[in-house]
Each structure stands twice: as structure tokens, then as C-alpha cells.
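Single-letter residue listing:
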Amino acid sequence: MKITPEFKLPESFISEYIGRQPEWGPIGYVTYKRTYARPLDSILEYQQKYAEKAGLTQSEEFWLTVVRVVDGTYSIQKNHCKNLNLPWSDSKAVRSACEMYRRIWNFKFLPPGRGLWMMGTQYIYDRGSAALQNCAFVSTENIDKDFAEPFCFLMDMSMLGVGVGGDARGAGKVKLQQPRITDGVFGDTHMVPDTREGWVALVRRILNSYTGAATRPGFISYQMIRPEGSPITGFGGMASGPAPLQRLVTNLQLLLNNYIGKYVDSTLITDIFNMIGVCVVSGNVRRGAEIILGSPGDT
């Protein structure tokens, strides 16, 4: 169900904080500006107007980030109440939202890093809450049914900044085979779209080609992927260009070729996870966090 930004803090309240800074610690402000202050062209139009009034030209200051976070949080709550015909009081919400703003401002509590970066953006309103999550977990236990799925889930969530845990329960369940390669000149050319989903789809196809569930393309075209340094308007940050994905595909094929005719083991599972992680962290605002849980006796 699509969410719309229906809640806004009163301008009279926001005006008390415009131009001010909270009581930062020794490296707090630097960390905030490096990682959590969004470019002004990636926030909502009414928030951009606040920035213009304050003379901001490039990225948010903390007072504006908190506006985005609080408005986004209460918009989700208001939409929830509206869609389910639950009671909602504008006056009560304003009082509560102002209190939330004050407590964040005074560092009584903070949203997670995901929340500081993504809450209240158009991306969340359009695509849902996945990019707000801190952590996720996926098991490889059923890779004999869908070999690529846990690795693609990892990549999809990691590209949204979510830390992902996994396990090695799929070890010994799948024997890899020589991929069937389609002709890239007269037949199949895999065009990679300039989307997160497009990157994941290519990795899914490469992985599944080693189980016979897909063919490996004879030619892969990366020409649709925006060049390095281009702005990513939805999630935010700058594009890494196609090079990290190209390296990932090459390294995956080199790794999997060594397992043709062999069963997947815990080392292969972990190596695939890590190769995907290396690809993902090439984006300048994304962070990769992974943990693989295995048997204590697995050397």
C-alpha cells in the first residue's frame, strides 16, 4: 500500500531550530555530514524550501534531517491509521512529533543509521520500508530448490544498506555443473538495466546457470548502467559505474568453475557472500555488513 507524506511539523516549531547545531561530540558532526546528511536535491520539495530559506546549498544540516525523519515517521503512522480506519488526532500527533524532534535534537535517542539516511524520502514512500531495516537473515538450507535465492536476497538487501546474516546449511546439497552458454552474437545478449533489481537479476542468472536452472549469457552489455560519479536520485549518493558488477561476474565465474562436478561447501557459500559484499560496498553511501553462521567443527 503506497504511503504519502501527509504529516508536517509546524513551520513555527521548525523555525526555532533553523541555523542551529546540537551539542555534537568531537567527531559527531563530521560523521553526520559524511554519512547521513542527504543532498538537497534528494529530499522532498517542501523540505528543499526550508533549506533555501536557511541558505543551504548542498546537503542537509541536522535540524533539517530531523524534520525529514519526524515527518516521515508520523506520515507512516497517519497513513496506517487512515487506511485501517483507526482514530487519529492531528493535535495529539503534532505534540508527540515535536517531543520526538526535541529528544532526537538533544540526543536522548536517535533512529538507526538507516533511519537517519532514508526515513521520509520519496524512496520510502514509493517502495516501502526495506531500506529502513538494520539487519536481515537468510538461510542457504534450501539451495537445492533455488540455488541463487539466498545470495540474491543478500545482494538486494545489502544494496539498500541492510546488514545481512547467513548460514552454511546448504553445504553438500547441490552439485554444480557446466553452464550452458547461449550465443551472444546471434542469440542472447543480456542487457543489464540501470537498477538495483537489474544487477541482482544478472547475478541470479549467473549463479543459476551452474545448476541448469538458467543459461549463462554469451554476451553481457553493461552500457545502460550510469557512469561512475553520476548521482543516484532515489537511494542517494553517487553511482559506482559498472566496474564492480563486472568484477563480481568475472570472479563468480572463476570461483564456480572450480566447483563444476563438485558439491557446494561452506567455503564456497561464504566466498559468494563475500564477493557480493565487495561489489556492494563500492557505492559511496552504502555499507556492507555480513555474518555467516556455521558449525563449530567446520574447519
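Every chain is numbered on its own, with residues counted from 1 as its sequence reads. Given that this is a predicted model, residues contribute local features only at a pLDDT of at least 70 and side-chain atom pairs are listed and counted only at 80 or more, while totals for whole chains, interfaces and linings are drawn from all residues. Note: side-chain values were computed over all heavy atoms of the structure, leaving out hydrogens and water.

Notes on the overall build of the chain
Here's step 1: Put simply, DSSP marks the helices as runs of H or I at least four residues long and the strands as runs of E at least two long, and each gets a number from the N terminus on. Helix and strand counts for the chain come out as eleven helices and five strands.
Here's step 2: Principal axes of the C-alpha set define a box for the chain whose edges measure 70 × 45 × 45 Å.
Here's step 3: The buried share among the 299 residues of the chain stands at 46%.
Here's step 4: Working rule for contacts: check all heavy atoms of both residues, and any pair within 4.5 Å makes them a contact. A separation of at least 24 residues holds for 73% of the contacts in the chain among residues at least 6 apart in sequence.
Here's step 5: For the chain, the accessible surface area stands at approximately 15000 Å², while carbon and sulfur atoms represent 53% of it.
Here's step 6: The positive count covers Lys and Arg only, the negative count covers Asp and Glu only, and His and the chain ends enter neither. A charge is said to be at NZ when it belongs to Lys, at CZ for Arg, at CG for Asp and at CD for Glu. One way to put it: in the chain the 32 positive side-chain charges average out to a point 2 Å from where the 28 negative ones average out. Here the term buried applies to any residue with accessible area under 20% of the maximum for its type, exposed to any over 50%, and partly exposed to those in between, with areas from a 1.4 Å probe on protein chains only. What sets the accessible areas is the Shrake-Rupley method with a 1.4 Å probe; for residues, cover comes only from the shown protein chains.

Structural notes on the sheet that holds strand β5 (residues 290–293)
Here's step 1: One bridge is not enough; two strands pair if DSSP finds at least two bridges between them. Read from one edge of the open sheet, three strands run β1-β2-β5, paired in parallel fashion. A single partner strand is all that each edge strand has here, and the edge strands are β1 (135–138) and β5. Averaged over all pairs of adjacent strands, the angle between their axes in this sheet comes to 20°, without regard to strand direction.
Here's step 2: Strand direction decides the pairing type here: strand β2 (residues 163–167) and β5, joined by four bridges, are parallel. Looking across to β5, one finds that Val-164 is bridged to Glu-290.
Here's step 3: Helix α11 (residues 266–280) rests against β1, β2 and β5 of the sheet, and its axis sits at about 175° to β5. A fitted line through C-alpha atoms serves as each axis, taken over the contacting stretch for helices, and the angle formed by two N-to-C directions is quoted from 0 to 180°.

With respect to the pattern of salt bridges
Here's step 1: We define a salt bridge as a side-chain nitrogen of Lys or Arg found within 4 Å of a carboxyl oxygen belonging to Asp or Glu. Using the criterion set out here, one finds 14 salt bridges in the structure.
Here's step 2: We note a salt bridge from Glu-11 to Lys-53, for which the minimum N-O separation is 3.7 Å. Placement of Glu-11 in helix α1 (residues 11–14) and of Lys-53 in helix α3 (residues 45–54) is noted, with a sequence separation of 42 residues between them.
Here's step 3: Taking the relative accessible area as the measure of exposure, Glu-11 reaches 49% and is therefore partly exposed.
Here's step 4: The closest approach of N and O atoms between Lys-33 and Glu-61, which form a salt bridge, is 3.2 Å.

Any functional reading would require information beyond the geometric quantities listed.
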